[in-house]
Amino acid sequence: MSRYARTEREALTDLMSTLGPDAPTINEGWTTRDLAAHLVVRERRPDAAAGIALAPLRGYAERVRREVAAGDWADLLGQVRQPPVWSPVSNPLADELANTLEFFIHHEDVRRAQAGWRPRELPAGLDRALWRRSSTLARLALRRFPAQLLVQAPGHGEVATGRGGEPLRLVGAPGELALFLSGRQRVARVQLDGATGPAERLRGAKLGF
């Protein structure tokens, strides 16, 4: 059985360990320390993790994340590397489903904030896993976008979405689409075909979660 969530987790933790706690990430205003704290809260603090998605709890979630971020760097990395088996999102039954996309994206958040980064050549199995998740994300993230959208991953498939209007076509490898659809448009290597206005609105849209 593939363990891409585990592989991406370990690669991200190794990279953060190499770069140190103050390295930049794609997430505006966040260093590697901030990102590590986010991952720890998501897996170990269910009381605060809900605030990642629910606006009314966001302030509490951010206070907890800042408290966690103030901890020892080596301890933070250790908690990221070895998640608790009781966690709703990282127990053995949920890990691959809940964390493959999460850790791929955050691995790239760190990689692509560093000088000289290059897109990775991903294993075929990881590409397939990312397309399954990206196709679902496309339907959710773009369902209300005012255009007739076609999202294509050559060799994997395509998804029609949007609420209608001018046609737009978004094309890329599964991992690049995952980054674009999660709000990382500025670092995603994709092709976007269509009228300039809708295309620019999509590139600047608030996407993701």
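Just above, that's the structure.
Reference entry: report on the structure contained in this document.

**A few points about the nonpolar core**
Phase 1 of the analysis: Counting residues in hydrophobic clusters, the biggest one holds 30 residues, and the most contacted among them are Leu 170, Leu 177, Phe 180, Leu 181 and Leu 202.
Phase 2 of the analysis: Listed by contribution, the elements that provide at least two residues to this core are α6 (95–111), α7 (124–142), β1 (148–153), β3 (167–171), α8 (174–181) and α9 (196–204).
Phase 3 of the analysis: If you tally residues by element for this core, the top one is α7, at six residues.
Phase 4 of the analysis: Residues within four places of Leu 181 in sequence aside, it is in contact with Ser 134, Leu 137, Ala 138, Ala 141, Leu 142, Leu 170, Leu 207 and Gly 208.
Phase 5 of the analysis: Counting 19 residues, the second largest nonpolar core, distinct from the first, contains Leu 35, Val 64, Ala 69 and Trp 73.

**Examining the environment of Gly 59**
Phase 1 of the analysis: Mapping Gly 59 onto the fold places it in helix α4 (residues 58–69).
Phase 2 of the analysis: Linking Gly 59 and Ala 138, residues 79 residues apart in sequence, is a C-alpha distance of 28 Å.

**Let's talk about the pattern of salt bridges**
Phase 1 of the analysis: Following the criterion strictly, the structure yields 17 salt bridges and no others.
Phase 2 of the analysis: Linking Asp 95 and Arg 9 is a salt bridge whose minimum nitrogen-to-oxygen distance equals 3.7 Å. Of this pair, Asp 95 sits in helix α6 while Arg 9 sits in helix α1 (residues 4–19), placing them 86 residues apart in sequence.
Phase 3 of the analysis: The network of salt bridges with shared partners includes Glu 8, Glu 108, Arg 111, Arg 112, Arg 120 and Glu 176.

**Observations concerning the environment of Thr 196**
Phase 1 of the analysis: Residue placement: Thr 196 occurs in helix α9.
Phase 2 of the analysis: The class of Thr 196 is exposed, set by a relative accessible area of 61%.
Phase 3 of the analysis: Between the alpha carbons of Thr 196 and Leu 168 there is a distance of 9.7 Å; along the sequence they are 28 residues apart.

**Notes on the side chain of His 38**
Phase 1 of the analysis: By the secondary structure assignment, His 38 is in helix α2 (residues 32–44).
Phase 2 of the analysis: Its relative accessible area of 10% is what places His 38 among the buried residues.
Phase 3 of the analysis: Polar side-chain contacts of His 38 include one of 3.4 Å to the side chain of Glu 102.
Phase 4 of the analysis: Apart from the residues lying within four places of it in its own chain, the contact partners of His 38 are Trp 30, Ile 52, Arg 65, Glu 102 and His 106.

**Regarding α9**
Phase 1 of the analysis: Within the span of α9, buried status applies to Pro 198, Ala 199 and Leu 202. The buried residues of α9 all sit within an arc of 100° when viewed along its axis, so they share a single face. Of the residues in α9, the exposed ones pointing more than 90 degrees away from the buried face are Thr 196 and Gly 204.
Phase 2 of the analysis: In this structure, the buried side of α9 is in contact with α7, β1, β3, α8 and β4 (191–194).

Conventions and cut-offs
Residues numbered from 1 in each chain as written. Predicted model: local features only at pLDDT ≥ 70, side-chain atom pairs only at ≥ 80, totals over all residues. Heavy atoms only, no water. Core = buried A, V, L, I, M, F, W, Y, C linked by side-chain atoms within 4.5 Å. Buried < 20%, exposed > 50% of the residue type's maximum accessible area, 1.4 Å probe, protein only. Helix = DSSP H or I, 4+ residues; strand = E, 2+ residues; numbered from the N terminus. Contact = heavy atoms within 4.5 Å. Salt bridge = Lys/Arg side-chain N within 4 Å of Asp/Glu carboxyl O. Polar contact = N/O pair within 3.5 Å; in protein donor to acceptor, adjacent residues only side chain to side chain. Arc of directions from axis to C-beta.

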